[in-house]
Amino acid sequence: MLLFNLGLRPVLAILSLCGSYVILSVALGTVQRLWASALFGTTGGHISGLSGLLVSLALLTYIQWFLCIRVFGLIASLPDRAAAWLEIPTTGQMGESGHMTAAVGGAVALSLRSTPAPFLAFSKVGKAKAKKAATMT
């Protein structure tokens, strides 16, 4: 296990980084080539106004972002998958990809915890919290 963690894990991470650039360019190129055909096929051959253009741009941006997250997520998960394939025991379920997921989840939880009151004022719960905070000060 020590030899795998010291010798093979960094090599697999670098190889998965190089491979992810190849996979990403192919995936994004395919999306770019097929996007116009798919969009015009679903809308009947035309985009209706500025709102249709903005929605299609938002959808394309989301698809590209999702592809980037999934493809570059392979960098952290490939060494763990190779360890499982070689039947090398790891230290529990939290491999390198698990630590990355936990770090991102912690960052999201921390950012939600410190959401300023003006952003919460649009909901009933936010208004109640803002009113309670105003009376406490």
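Cut-offs applied
- Residues numbered from 1 in each chain as written.
- Predicted model: local features only at pLDDT ≥ 70, side-chain atom pairs only at ≥ 80, totals over all residues.
- Heavy atoms only, no water.
- Helix = DSSP H or I, 4+ residues; strand = E, 2+ residues; numbered from the N terminus.
- Buried < 20%, exposed > 50% of the residue type's maximum accessible area, 1.4 Å probe, protein only.
- Contact = heavy atoms within 4.5 Å.
- Areas by Shrake-Rupley, 256 points an atom, 1.4 Å probe, with all protein chains shown as cover.
- Polar contact = N/O pair within 3.5 Å; in protein donor to acceptor, adjacent residues only side chain to side chain.
- Patch = residues over 30% accessible without salt bridge, like charges linked within 9 Å, V, L, I, M, F, W, Y side chains within 5 Å.
- Salt bridge = Lys/Arg side-chain N within 4 Å of Asp/Glu carboxyl O.

Enquirer: Tell me what's going on with the overall build of the protein, and back it up with residues and numbers.
Expert: Within the protein, the regular secondary structure consists of five helices and zero strands. Listing the helices and strands of the protein from first to last along the sequence gives α-α-α-α-α. For the protein, the residues scored as buried account for 18% of the 137 residues in total. Intrachain contacts of the protein at a sequence separation of at least 6 include 68% that bridge at least 24 residues. A total accessible area of about 10,400 Å² is found for the protein, and carbon and sulfur atoms account for 73% of it.

Enquirer: Account for the environment of Ala76, with residues named and values stated.
Expert: The residue Ala76 is located in helix H2 (residues 49-85) in this model. Residues Ala76 and Leu17 lie 59 residues apart in sequence; the distance between their C-alpha atoms is 9.2 Å.

Enquirer: Give a detailed account of the side chain of Ser16, specifying residues and quantitative values.
Expert: If you trace the backbone, Ser16 turns up in helix H1 (residues 2-43). Looking at Ser16, its side chain comes within polar contact range of the main-chain oxygen of Ala13, at 2.8 Å. When neighbours within four sequence positions are excluded, Ser16 is seen to be in contact with Leu74, Ile75 and Leu78.

Enquirer: Now, about a nonpolar patch on the surface: what can you tell me, with residues and values included?
Expert: Taken together, the side chains of Leu8, Val11, Leu15, Trp85 and Leu86 present a nonpolar region at the surface, about 540 Å² in accessible area. Per element, the largest residue contribution to the nonpolar patch is three residues, and it comes from H1. Structurally, Val11 can be placed in helix H1. The exposure class assigned to Val11 is partly exposed, which follows from its relative accessible area of 42%.

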